[in-house]
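Observations on chain architecture
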Amino acid sequence: MNKKLLIGVLAMALCINLSAQDHRLFFASSEGDVDKVTQLLAEGVDVNAAMPGGFSPLMYATQYGKTQVMTALIKAGASINLTDGSGNTALMIAVMRDDLQAVKILLAADARLDTKNNNDLDAVEIARIRNREAILSLLEAHRARKGS
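Residues numbered from 1 in each chain as written. Predicted model: local features only at pLDDT ≥ 70, side-chain atom pairs only at ≥ 80, totals over all residues. Heavy atoms only, no water.

1. Describing the overall build of the chain
- Counting its regular elements, the chain contains 9 helices and 0 strands.
- Order of helices (α) and strands (β) in the chain, N terminus to C terminus: α-α-α-α-α-α-α-α-α.
- For the chain, the proportion of its 148 residues judged to be buried stands at 43%.
- In the structure as shown, the chain presents an accessible area of about 7,400 Å², 49% of it carried by carbon and sulfur atoms. (Helix = DSSP H or I, 4+ residues; strand = E, 2+ residues; numbered from the N terminus. Buried < 20%, exposed > 50% of the residue type's maximum accessible area, 1.4 Å probe, protein only. Areas by Shrake-Rupley, 256 points an atom, 1.4 Å probe, with all protein chains shown as cover.)

2. Brief notes about the packing of aromatic side chains
- Applying the stated rule across the entire model yields 3 aromatic pairs.
- Linked through ring pairs, Phe-26, Phe-55, Tyr-60 and Tyr-64 together constitute an aromatic cluster. (Phe/Tyr/Trp six-rings, centres within 6.5 Å; stacked < 30°, edge-to-face > 60°.)

3. Quick word on the pattern of salt bridges
- As enumerated under the stated definition, the model contains 8 salt bridges in all.
- A salt bridge links Arg-132 to Asp-98; the nearest nitrogen and oxygen atoms lie 4.0 Å apart. Linking Arg-132 in the loop between helix 8 (123-129) and helix 9 (133-146) with Asp-98 in the loop between helix 6 (90-97) and helix 7 (100-108), this pair joins segments that are 34 residues apart in sequence.
- A relative accessible area of 18% places Arg-132 in the buried class.
- A salt bridge links Arg-143 to Asp-122, with the nearest nitrogen and oxygen atoms 3.4 Å apart. (Salt bridge = Lys/Arg side-chain N within 4 Å of Asp/Glu carboxyl O.)

4. As for the environment of Arg-97
- In this structure, Arg-97 sits in helix 6.
- Arg-97 sits in the partly exposed class, given a relative accessible area of 34%.
- Sequence-distant contacts of Arg-97, defined by excluding residues within four places in its chain, comprise Thr-62, Gln-63, Tyr-64 and Gly-65.
- In terms of polar contacts, Arg-97 uses its side chain to reach the side chain of Asp-99, at 2.8 Å. (Contact = heavy atoms within 4.5 Å. Polar contact = N/O pair within 3.5 Å; in protein donor to acceptor, adjacent residues only side chain to side chain.)

5. Brief notes about the environment of Ile-135
- Relative to the elements of secondary structure, Ile-135 occurs in helix 9.
- When the C-alpha positions of Ile-135 and Val-103 are compared, they lie 7.5 Å apart, and in sequence the two are 32 residues distant.
- Here Ile-135 is in contact with Ala-94, Val-95, Asp-98, Asp-99, Leu-100, Val-103 and Ala-127, once residues within four sequence places are set aside.

6. Re the confidence of the model for the chain
- Per-residue confidence for the chain averages 88 on the pLDDT scale, and 85% of its residues sit at or above 70.
- Contacts from residues 13-17, a stretch scored under 50 in pLDDT, to residues over four places away or in other chains number 6 contacts. (pLDDT = per-residue confidence, 0-100.)

7. Focus on helix 5 (residues 67-75)
- Of all the positions in helix 5, only Val-69, Met-70, Ala-72, Leu-73 and Ile-74 are classed as buried.
- Following helix 5 by one or two positions, Gly-77 has its phi on the positive side, about 100°.

Structure (C-alpha cells):
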C-alpha cells in the first residue's frame, strides 16, 4: 500500500469513531481486496461507514479504480448516491478520474445524474468541463434513456 495513503487514512481514523473493522474496510476497498471486503461485510461492517470528509468505502474503491470492489460493495447495499464533504458522489469521482468502467458500474446501479456538488456541478457538467468525451456521451445517453 502507498505509504502516504496509509498515513492519511490512519490520521483520519484517529479523528473519528470507527471500529477496527470499519478501518479495514477502507483499506481493503482502496487496495482492491475483494475477498477481504466480502469477509468484512459478512462480519457486519457498515458498508456505508464514512471517513472524515464523508468518503464512503464505495468512494474509496472508485477513487482508486477498484471496480471489482465497487461491484461487491454495491451488491452488499452500498448507497450509490452518498456525497462527501465537497458534495461529490462516487459517480462524480469516477468522472473526475476518467474511469469509464466505474461510470458504467455506477450507472447500472442507478447513480443519480442530477446531484450537484458544492460547486453546483453535476456529473454531466464535470464531464463536459474536464473534456471526458466518452463519459459525457455515456452520461447524456443514460440521461436520455431515463428521461431525466
